[in-house]
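Structure assessment
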Amino acid sequence: MKHSSDIDSQTLRLLLSTVLDAAVAIDAAGDVVGWNDAAVQTFGWPRNEALGRNLNDLIVPTEHQRAHALGMRRYQQTGEAHVVNRRIEISAHDKSGREFPIELSITEAPEGSGAAFVGFMRDISERRDAETALRQAGETAEMLASEREAILSQLAEGVIIADTEGKLTFVNEAAADLHGVRQLGVAPSDYSDTYRLLREDGSPYPPHDLPLARAVGGETVDNARWRIRRPNGSEALAVGTARPLLGENGHQISAVLTVRDETERDRAERELRENEARLRALTDNLPGGAVYQIWTNADASERKLLYISQSFERMTGYSVEATLDNLLNIYEAVHPDDRAAFAEVEGTAIRDKVPFDMQARFRKADGSLIWCHFISAPREQEDGSIIWDGLQIDITRRVETENALRELNQALEERVSAEVAERERVWSVTRDLFVVSGPDGCYRKVNPAWHTELGYDTSSLIGTAFDALVHPDDLEIAREAFATLQDGEPISDIDIRVRASDATYRWYSWTCVAEADGFYAAGRDITARRELEEHLRQSQKMEAVGQLTGGIAHDFNNLLTIIQSAADMMRRPELPEERRRRYVEAIAETVERASRLTNQLLAFARRQPLKPELIDLAVQMPVIIDLVRPLLGPRIVVHMEDIPRRLFAKVDVSQFETALINLMVNARDAMADEGQIGIRVAETSAIPALRSKPARSGEFIVIAVSDTGSGIASEDIERIFEPFFTTKEVGRGTGLGLSQVYGFVQQSGGNVDVESLVGEGSHFTIYLPRVAPPSSPKDGGKEMEHEKSDKSLRVLVVEDDERVGQFCTETLHDLGHHSKLVDSAGAALEELQENDLAYDVVFSDVIMAGGTGLELAQTIRERNPGLPVVLTSGYSEIIAKEGADGFNLLRKPYSVEALSRALRNAAGA
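First, a word on scope: everything that follows refers to the structure included in this document. This is a predicted model, so every value here is computed, not measured.

**Remarks on the overall build of the chain**
Summing up its helical and strand segments, the chain has 30 helices and 33 strands in all. Taken across its 909 residues, the chain has 46% of its residues classed as buried. Restricting to contacts in the chain with at least 6 residues of sequence separation, those with at least 24 account for 58%. As displayed, the chain offers around 46200 Å² of accessible surface, 50% of which is attributable to carbon and sulfur atoms.

See below:
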């Protein structure tokens with residue numbers, strides 16, 4: 001089965017250029033298609049001479065050529081390659097004919113790269129020389145010791161020698177540099193501690209399993225891998241070979257370990273895997289479109305689909321796997337009426353090797369039709385074949401809008417044509433504005449609509465300049481249109497606002513033509529259409545609200561879980577008084593948080609008059625930051641300076657929170673989801689003059705929000721607080737807008753300022769009146785008790801919300817259970833690996849950062865099939881789409897009894 005994550009030759013070339021070993025890529029015929037700089041140095045063949053030649057002719061000695069050819073033939077016939085993913089030692093020769101030993105590892109090349117295998121080769125002549133020198137040194141022990149040390153110290157590979165008891169007798173410079181330690185006389189039992197040796201996965205390395213310890217015991221260990229944690233805290237990945245050294249009599253005289261640093265090579269391979277995963281995530285989650293790659297051979301007689309993103313299945317309903325197996329699925333889904341044009345455009349692109357650009361109707365798996373825009377660009381390969389990198393984008397909404405506008409314009413043209421025949425009657429009765437002007441642009445004649453629609457006395461308009469009634473923001477467009485008319489060119493569908501007699505403005509779409517005696521113009525009122533477009537834009541903005549409410553719903557259900565559990569526990573008569581007070585405080589705090597969330601939702605759902613409340617910014621600001629943090633994403637860092645003292649303001653809490661959320665979300669968008677947001681709260685004695693508002697003195701609070709984003713263009717600074725004004729592209733959404741921020745601070749008796757430079761970020765400053773602190777604190781709540789459960793279970797609680805997790809563990813304690821809290825799926829798996837028999841049941845939230853609870857449960861089922869898992873969630877898109885996969889699901893909010901019952905049932909207690 002093909003895989004949708006195949007990569008192309010560009011990624012392969014990146015890999016070949018970054019490794020330090022000689023890296024050679026060959027195709028299925030054994031011809032060289034990749035030859036890095038290290039290969040040039042090792043074998044002496046320049047890249048331009050090596051590429052395209054058979055590997056047998058370049059570097060394979062005569063005695064190995066037949067075996068190499070047979071192996072390639074077997075791979076071509078059966079797909080089997082016995083030497084893949086193994087390290088072997090063979091010989092090779094360079095351009096001069098010199099034959100030398102090499103260490104070779106071969107891997108299959110990624111599909112779509114143009115290669116079949118990639119080989120990594122290292123000249124191990126020095127290592128072979130070292131081993132020979134060691135054997136000779138063992139036979140002539142003390143006499144050649146100084147000579148041996150001088151030779152081994154100069155080797156690029158690390159060398160460590162131990163005597164027959166395993167004590168270290170020699171460590172060369174390369175080995176000391178690699179480990180960061182050089183200590184002789186160390187016994188095998190102390191190898192790991194002294195030289196800080198770990199297994200490749202980071203776990204402790206038992207001393208008796210170490211390669212050198214095994215070589216002391218007479219065993220040969222090839223290509224062992226382990227990690228080294230140096231004294232300075234850095235780590236290295238080591239690969240080495242350990243062998244016993246025998247004397248002439250066949251008795252072992254020592255053991256030697258040769259080791260090299262594989263850290264950089266491992267990092268390059270890991271980065272390659274990460275880049276592939278990042279590319280897969282980007283393409284698979286592409287909204288409203290899909291990414292694909294199609295291969296065609298040199299004469300375009302063959303083609304196949306190399307890759308298509310998972311977003312194709314969401315957009316069309318067709319299985320990605322089935323489409324990869326049959327490229328015709330895409331062509332057959334093109335509407336029959338569009339296939340001929342589609343084939344013609346594609347054929348021209350393939351023949352001329354030019355980009356492909358085509359719009360066509362596409363039938364989805366459910367039978368419905370969508371309009372798609374196909375864009376594809378060619379990349380010619382060395383063998384003459386071509387890879388077409390393409391996008392398939394759903395443009396149905398755009399096409400429907402264009403068709404609607406086209407129909408509207410066509411209807412207008414038809415109506416204008418009909419009206420020409422009866423122009424005198426139409427001139428009098430139409431609601432469109434007609435005007436005839438002289439060559440100077442002054443009105444000579446206007447129709448009655450100027451009176452009925454705009455309220456003017458038509459006689460008073462005679463002699464008025466063409467731009468006298470134009471909105472100031474449209475003057476430039478109007479004057480450019482008039483210049484075009486003066487050049488003899490007609491103007492159509494120019495949208496310009498015209499001032500009515502009551503000083504209001506209405507939108508008109510103008511059609512103008514030039515005649516010998518002047519200009520003729522007709523304007524149609526499109527105010528309603530423009531308002532409809534504005535409403536459409538507003539609806540797009542409100543799409544962002546749905547994203548926000550999903551996060552709020554999850555948090556709200558967490559709050560309800562705390563309230564429900566606390567209330568259930570407080571019903572228990574024997575609950576200690578201290579516990580009862582803690583539950584009461586938890587309920588009171590949670591109710592306040594829930595109230596803030598509810599108010600936030602109401603503020604987003606409708607406009608409402610301000611309800612001022614006294615708030616302490618030292619308390620309120622951290623709460624708001626916690627509320628908005630899930631919206632910002634993991635790569636946004638929020639830093640709030642300490643508030644010097646308690647500062648109080650009287651504002652509508654909901655609108656205050658909304659204003660700060662808008663500023664922080666706008667900052668996130670300006671930083672492309674990565675950067676820093678700084679927040680500072682202070683006091684000041686004046687508000688500067690801002691936007692025609694005079695300066696004011698008094699006691700005010702300053703709330704400054706800064707970001708490291710793209711900044712705001714100077715021409716947009718004065719407009720950013722206008723209702724619905726946005727510089728974002730269509731469809732991205734803009735939150736609730738800076739107009740809400742401006743309106744809120746104005747109604748609250750303050751003002752807002754902004755400073756910004758393109759490329760250097762923005763700095764918003766809110767000024768609010770400061771008020772005196774309250775005279776008395778809030779009353780405390782009542783206390784309730786719960787009874788303990790008499791059934792004790794050992795529970796591992798997995799919850800990334802600290803408050804919910806803490807409350808859950810306390811509740812379990814009051815029920816008589818033993819519990820431990822971890823904050824992520826990764827931490828849970830580590831805990832279970834270390835203490836796999838310490839728990840009777842795992843209780844995990846579904847929605848968590850770094851991995852879902854469902855994924856955790858599935859992993860536990862594979863690793864610990866006897867350990868039950870109970871999941872809990874107030875809302876999860878994964879659970880909604882895929883179900884709980886057979887696991888027990890406890891929905892939030894849940895009662896203490898429901899929690900206890902679910903855990904007992906899962907554990908069989």
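**Considering empty space enclosed by the protein**
Enumeration according to the criterion identifies 4 cavities of 30 Å³ or more in this entry. Volume-wise, the largest cavity comes out at about 320 Å³. Tyr 443, Phe 466, Trp 510, Cys 512 and Ala 521 are the residues nearest the centre of the largest cavity, which is lined by 19 residues in total. Every element with two or more residues in the lining of the largest cavity is listed here: strand 17 (433-437), helix 19 (475-486), strand 19 (491-499), strand 20 (505-515) and strand 21 (518-525). Its residues assigned to classes, the lining of the largest cavity comprises 17 nonpolar, 2 polar and no charged. In this model, the second largest cavity occupies a volume close to 180 Å³. In this structure, the second largest cavity is lined by 15 residues; those nearest its centre are Tyr 292, Ile 294, Tyr 331, Glu 346 and Ser 376. For the lining of the second largest cavity, the secondary-structure elements that each account for two or more residues are strand 12 (289-296), helix 14 (328-333), helix 15 (336-352), strand 15 (369-380) and strand 16 (386-394). The biggest single contributor to the lining of the second largest cavity is helix 15, with 4 residues. Grouping the amino acids of the lining of the second largest cavity by side-chain chemistry returns 10 nonpolar, 3 polar and 2 charged.

**A few points about the pairing of strand 1 (residues 22-26)**
Burial of strand 1 is extensive: 5 of the 5 residues sit out of reach of the surface. Neither face of strand 1 is left uncovered, since the one carrying Ala 22, Val 24 and Ile 26 and the one carrying Ala 23 and Ala 25 both have all their residues buried. Alignment of strand 1 against strand 5 (residues 117-123), held across 5 bridges, turns out to be antiparallel. Looking at the pairing, Ala 23 lines up with Phe 120 of strand 5. Summarising the sheet, strand 1 and strand 2 (residues 32-35) pair through 3 bridges and their orientation is antiparallel. Across the sheet, residue Ile 26 finds its bridge partner in strand 2, namely Val 32.

**Digging into the sheet that holds strand 27 (residues 751-757)**
By way of backbone hydrogen bonds, the strands of a sheet pair with one another, either parallel or antiparallel. One open sheet accounts for 5 strands, arranged 23-25-26-28-27; its pairing is mixed. Sheet topology places strand 23 (636-640) and strand 27 at the edges, where each strand pairs with a single neighbour. Recorded for the sheet is a direction-independent mean angle of 20° between the axes of neighbouring strands. As paired elements, strand 23 and strand 25 (residues 675-687) share 5 bridges and run parallel to each other. Bridge pairing in strand 25 places Met 640 opposite Ile 679. Strands strand 23, strand 25 and strand 26 (696-707) of the sheet are contacted by helix 22 (residues 617-632), whose axis makes an angle of about 175° with strand 23.

**Some details on the packing of helix 27 (residues 825-834) against helix 28 (residues 853-863)**
Where helix 27 meets helix 28, the axes come as close as 10 Å, and the angle between the chain directions of the two elements is 20°. Overall, the two elements helix 27 and helix 28 adopt an arrangement that is roughly parallel. Like other packed secondary-structure pairs, helix 27 and helix 28 cross with a definite hand, here right-handed. For the pair helix 27 and helix 28, the contacting residues are Ala 825, Ala 828, Leu 829 and Leu 832 in the first and Leu 856, Thr 859, Ile 860 and Arg 863 in the second.

**Some words on the nonpolar core**
Soluble globular proteins tend to bury their nonpolar side chains together. In terms of nonpolar packing, the biggest core is built from 44 residues, with Leu 617, Met 621, Phe 656, Ile 677 and Ile 703 touching the most fellow members. Broken down by element, this core gets its largest block of residues, 9 residues, from helix 23 (residues 653-670). Non-local contacts of Met 621, meaning those with residues more than four positions away in its chain, are made with Met 640, Ile 643, Phe 656, Leu 660, Ile 679, Val 681 and Ile 703.

**A word on the sheet that holds strand 20**
One open sheet accounts for 5 strands, arranged 18-17-21-20-19; its pairing is antiparallel. Because the sheet does not close on itself, it has two edges, and the strands there are strand 18 (443-446) and strand 19. The average angle at which neighbouring strand axes cross in this sheet is 30°, direction not considered. Bridging between strand 19 and strand 20 involves 7 bridges; their strand directions are antiparallel. When the sheet's bridge partners are listed, Ile 491 is paired in strand 20 with Cys 512.

Conventions used here
- Residues numbered from 1 in each chain as written.
- Predicted model: local features only at pLDDT ≥ 70, side-chain atom pairs only at ≥ 80, totals over all residues.
- Heavy atoms only, no water.
- Helix = DSSP H or I, 4+ residues; strand = E, 2+ residues; numbered from the N terminus.
- Buried < 20%, exposed > 50% of the residue type's maximum accessible area, 1.4 Å probe, protein only.
- Contact = heavy atoms within 4.5 Å.
- Areas by Shrake-Rupley, 256 points an atom, 1.4 Å probe, with all protein chains shown as cover.
- 1 Å grid on protein atoms, 1.4 Å probe; cavity = no way out; pocket = protein on both sides within 12 Å on 5 of 7 lines; lining within 4 Å.
- Points joined across faces, edges and corners; volume = space filled by probe spheres on them.
- Nonpolar A, V, L, I, M, F, W, Y, C, P; charged D, E, K, R; others polar.
- Pairing = 2+ DSSP bridges.
- Axes fitted to C-alpha atoms, helices over the stretch in contact; angles between N-to-C directions.
- Parallel < 35°, antiparallel > 145°, perpendicular 65-115°, else oblique.
- Left-handed = near helix turned anticlockwise from the far one by under 90°.
- Core = buried A, V, L, I, M, F, W, Y, C linked by side-chain atoms within 4.5 Å.

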